[in-house]
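# Coordinates in review
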Amino acid sequence: MLLVHLPLASDTGLAGTENEAALLQDAVWAHAGPQHALEHIRVRPVEHGMNVALFVRADDLAAARTKARSLLAAALGSGAARGYCLAPAVRGGPR
């Protein structure tokens, strides 16, 4: 099981809320299929959006990132987190 961090940026630049985090977490579970190999998820509001931590089964980190990004994109595409988008990866930071 590998951990993938995917930060979400808020369109407004404001912090996410606990309610938004809970709704997004539910939406991710609802969109998870066997191909995503999701084991656990944690969504937390942060200063400028939300941080999504997905634990997925994969052979390596690159495969885990691909699965996690695909799953999160599906959940975001459903409108589950309006006003949020995937934040650009920060060099040297968690991904």
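Residues numbered from 1 in each chain as written. Predicted model: local features only at pLDDT ≥ 70, side-chain atom pairs only at ≥ 80, totals over all residues. Heavy atoms only, no water.

## Let's talk about the nonpolar core
L8, L24, V28, M50, V52, L54 and L72 are the most contacted members of the largest nonpolar core, which totals 22 residues. Looking at which element gives the most residues to this core, the answer is helix α2 (residues 61-77), with 6 residues. Discounting chain neighbours no more than four positions away, the residues touching V28 are L38, I41, L54, L71, L72 and A75. (Core = buried A, V, L, I, M, F, W, Y, C linked by side-chain atoms within 4.5 Å. Buried < 20%, exposed > 50% of the residue type's maximum accessible area, 1.4 Å probe, protein only. Helix = DSSP H or I, 4+ residues; strand = E, 2+ residues; numbered from the N terminus. Contact = heavy atoms within 4.5 Å.)

## So, the environment of M50
Here M50 is to be found in strand β3 (residues 49-56). Separated by 36 residues in the primary sequence, M50 and L86 have C-alpha atoms spaced 9.5 Å apart. Setting aside anything within four residues of it in sequence, one finds M50 in contact with L6, P7, L8, G16, E20, A21, L24, V43, R44, P45, A81 and Y84.

## Notes on unusual backbone geometry
Peptide bonds are, in most cases, trans, and in most cases residues other than glycine have a negative phi. One non-glycine residue, A37, lies in positive phi territory at about 55°. Here A37 shows up in the loop between α1 (18-31) and β2 (38-46).

## Some words on α1
If you check α1, its first and last C-alpha atoms are 20 Å apart, about what 14 residues at 1.5 Å a residue would give, namely 20 Å. Within α1, the full set of buried residues consists of A21, L24, A27 and V28. Buried residues in α1, looked at end-on, bunch into an arc of 125°, giving them a common side. Residues of α1 that are exposed and point over 90 degrees away from its buried face: E18, N19, L23, D26 and A30. If you follow the buried residues of α1, they end up packed against β1 (2-10), β2, β3 and α2. (Expected span 1.5 Å × (residues − 1). Arc of directions from axis to C-beta.)

## Things to note about the environment of L14
Following the sequence through the fold, L14 ends up in the loop between β1 and α1. Look past the residues within four positions of L14 in its chain and what remains in contact with it is E47, H48 and G49.

## Some words on α2
Residues spaced three or four apart along an α-helix face the same direction, because each turn holds 3.6 residues. In this model α2 runs 24 Å from its N-terminal to its C-terminal C-alpha over 17 residues, within 8% of the 24 Å that 1.5 Å per residue would give. All of the buried residues along α2 are A64, A68, L71, L72, A75 and L76. Buried residues of α2 fall within an arc of 135° about the axis and therefore sit on the same side. α2 presents T66 and G77 as exposed residues on the side facing more than 90 degrees away from its buried surface. In this structure, the buried residues of α2 make contact with β1, α1, β2, β3 and β4 (84-86). With a side-chain oxygen positioned 3.2 Å from the backbone nitrogen of A62, the residue opening α2 is D60. G79 sits one or two positions beyond α2 and adopts a positive phi of about 85°. (Polar contact = N/O pair within 3.5 Å; in protein donor to acceptor, adjacent residues only side chain to side chain.)

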